[in-house]
Amino acid sequence: MKAFIAANWKMNKTVAETREFMKTFVPLVKDASDVDIVIAPPFTALAAAAEEMKGSAVQLSSQDVFWEEKGAFTGEVAPGMLLDAGCRHVIIGHSERRQYFHEDDAVVNKKVKSARKAGLGVIFCCGESLDERESGKTFDVIRREVEMGLVGVEPEQLVVAYEPIWAIGTGKTATPDQAQEVHAFIAGVLTKVYGNKSGIIRIIYGGSVTPDNVDILMGCKDISGALVGGASLKPDSFSRIVHFKKEK
Ligand code: PGA
């Protein structure tokens with residue numbers, strides 16, 4: 001399966017900083033094959049990023065979307081507007097959106113459906129908190145987020161990102177065994193929902209991925225890619241992640 005490596009820049013980088021990153025990064029990954037390379041800058045830098053990656057294999061993603069097509073929704077951005085800005089993907093259900101903006105499974109599902117209807121690929125995030133893990137609820141939380149978030153959604157152009165909340169931005173990566181265990185569980189949930197067609201959905205890992213741990217994570221059977229925050233902000237570091245070497 002083709003690997004899927006995505007950068008989630010979160011609320012970082014101006015237009016000038018985005019251009020500077022791309023000018024260095026795009027040549028660094030010219031040779032990378034058999035990997036989808038995706039970058040999600042903030043809304044304000046999407047157009048500049050699209051311009052800088054033109055003619056390269058790097059693909060553009062948004063970090064969020066609203067579910068309506070147009071109208072009186074101050075501050076929101078529609079799926080069609082993202083396509084217009086050059087996006088092919090959108091990140092939906094990130095734990096920071098769930099936590100700070102109170103997005104629940106129903107909201108996440110509306111966003112996923114609307115993005116897919118417009119033709120955007122969806123990077124659908126799920127993951128448990130430290131409390132949930134320590135009280136043995138990891139699998140229940142993941143099953144609920146996946147089943148409810150993806151109700152009525154076809155498996156095409158869908159990537160599922162497993163991001164344990166306790167590993168995001170903390171420097172605490174899940175061990176390869178911990179990550180693989182949940183990835184295998186997600187694969188099972190997806191098979192229940194989609195049958196054989198679930199094989200086309202890539203399940204990627206996120207949470208303190210760095211050049212130092214990407215090889216071993218990518219060596220796990222059910223890990224098909226990475227969603228990278230902090231380590232995606234520097235061209236060298238994100239390029240090294242894109243050039244992972246599977247380690248068993
Ligand atoms: P991190 O963020 O790599 O900085 O932990 C990952 C994410 O939240 O997508």
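The structure this text deals with has already been given above.
To keep things clear, this report deals only with the structure shown in the data block. (Residues numbered from 1 in each chain as written. Predicted model: local features only at pLDDT ≥ 70, side-chain atom pairs only at ≥ 80, totals over all residues. Heavy atoms only, no water.)

## A closer look at the overall build of the protein
For the protein, the helix and strand inventory stands at 10 helices and 8 strands. What you see for the protein is a C-alpha radius of gyration of 17 Å, in line with the 18 Å of a compact globule of 248 residues. In terms of overall dimensions, the protein has a C-alpha envelope of 45 × 45 × 35 Å along the principal axes. When the 248 residues of the protein are sorted by exposure, 54% land in the buried category. In the protein, once contacts between residues fewer than 6 apart in sequence are set aside, the share between residues at least 24 apart is 72%. Of the roughly 11600 Å² that the protein leaves accessible, carbon and sulfur atoms contribute 54%. Computed over 30 positive and 33 negative side-chain charges, the separation of the two mean positions in the protein equals 4 Å. (Helix = DSSP H or I, 4+ residues; strand = E, 2+ residues; numbered from the N terminus. Rg over C-alpha atoms; globule rule 2.2 N^0.38 Å. Buried < 20%, exposed > 50% of the residue type's maximum accessible area, 1.4 Å probe, protein only. Contact = heavy atoms within 4.5 Å. Areas by Shrake-Rupley, 256 points an atom, 1.4 Å probe, with all protein chains shown as cover. Lys, Arg positive; Asp, Glu negative; His and termini not counted. Charge placed at Lys NZ, Arg CZ, Asp CG, Glu CD.)

## Concerning the sheet that holds strand β7 (residues 202-206)
Spatial ordering of the closed barrel is given by β1-β2-β3-β4-β5-β6-β7-β8, a layout of 8 strands whose pairing is parallel. Strand after strand, the sheet turns through a mean of 25 degrees between neighbouring axes, direction not considered. The sheet contact formed by strand β2 (residues 35-40) and strand β3 (residues 59-62) spans 2 bridges and is parallel. Considered in β3, the bridge of Ile-39 is made with Leu-60. The sheet strands contacting helix α7 (residues 138-149) are β5 (121-126) and β6 (158-162), and the helix crosses β5 at an angle near 155 degrees. (Pairing = 2+ DSSP bridges. Axes fitted to C-alpha atoms, helices over the stretch in contact; angles between N-to-C directions.)

## A short note on the layout of surface pockets
Taken as a whole, the largest pocket spans an internal volume of roughly 450 Å³. Lining the largest pocket are 19 residues, and of these Lys-10, Gln-63, Asp-64, Arg-97 and Phe-101 sit closest to its centre. Broken down by element, the lining of the largest pocket gets its largest block of residues, 3 residues, from helix α4 (residues 95-100). When its residues are assigned to classes, the lining of the largest pocket shows 10 nonpolar, 4 polar and 5 charged. Approximately 190 Å³ is the volume attributed to the second largest pocket. Looking at the second largest pocket, it is lined by 15 residues, and the ones nearest its centre are Gly-169, Ser-208, Val-228, Gly-229 and Gly-230. Among the residues making up the lining of the second largest pocket, the classes are represented as 5 nonpolar, 8 polar and 2 charged. (1 Å grid on protein atoms, 1.4 Å probe; cavity = no way out; pocket = protein on both sides within 12 Å on 5 of 7 lines; lining within 4 Å. Points joined across faces, edges and corners; volume = space filled by probe spheres on them. Nonpolar A, V, L, I, M, F, W, Y, C, P; charged D, E, K, R; others polar.)

## Describing the pattern of salt bridges
If you walk through the whole model with that rule in mind, you get 21 salt bridges. A salt bridge links Lys-10 to Glu-96, with the shortest nitrogen-to-oxygen separation between them at 2.9 Å. Remark: Glu-96 occurs in helix α4 and Lys-10 occurs in the loop between β1 (3-8) and α1 (15-28); sequence separation between them is 86 residues. Of the residues examined, Lys-10 reaches a relative accessible area of 23% and is grouped as partly exposed. For Glu-96, a relative accessible area of 25% translates into the label partly exposed. Two residues, Arg-240 and Asp-215, come together in a salt bridge whose shortest N-O distance is 2.6 Å. Taken together, the positions of Arg-240 in helix α10 (residues 235-242) and Asp-215 in helix α9 (residues 214-218) put the pair 25 residues apart, joining distant regions of the chain. (Salt bridge = Lys/Arg side-chain N within 4 Å of Asp/Glu carboxyl O.)

## A look at the site of the ligand
Close contacts around the ligand come from 13 residues, with Lys-10, His-94, Glu-163, Gly-169 and Ser-208 the closest. Separating an oxygen atom of the ligand from a backbone N or O atom of Gly-230 is a distance of 2.9 Å. The fraction of the free accessible surface of the ligand (280 Å²) that becomes covered by protein chains is 94%. Judged by its atoms lying within 2 Å of the grid points, the ligand is housed in the second largest pocket. Residue composition of the shell around the ligand, by class: 4 nonpolar, 7 polar and 2 charged. (Near = heavy atom within 4 Å. Polar contact = N/O pair within 3.5 Å; in protein donor to acceptor, adjacent residues only side chain to side chain. Sits in = over half its atoms within 2 Å of the grid points.)

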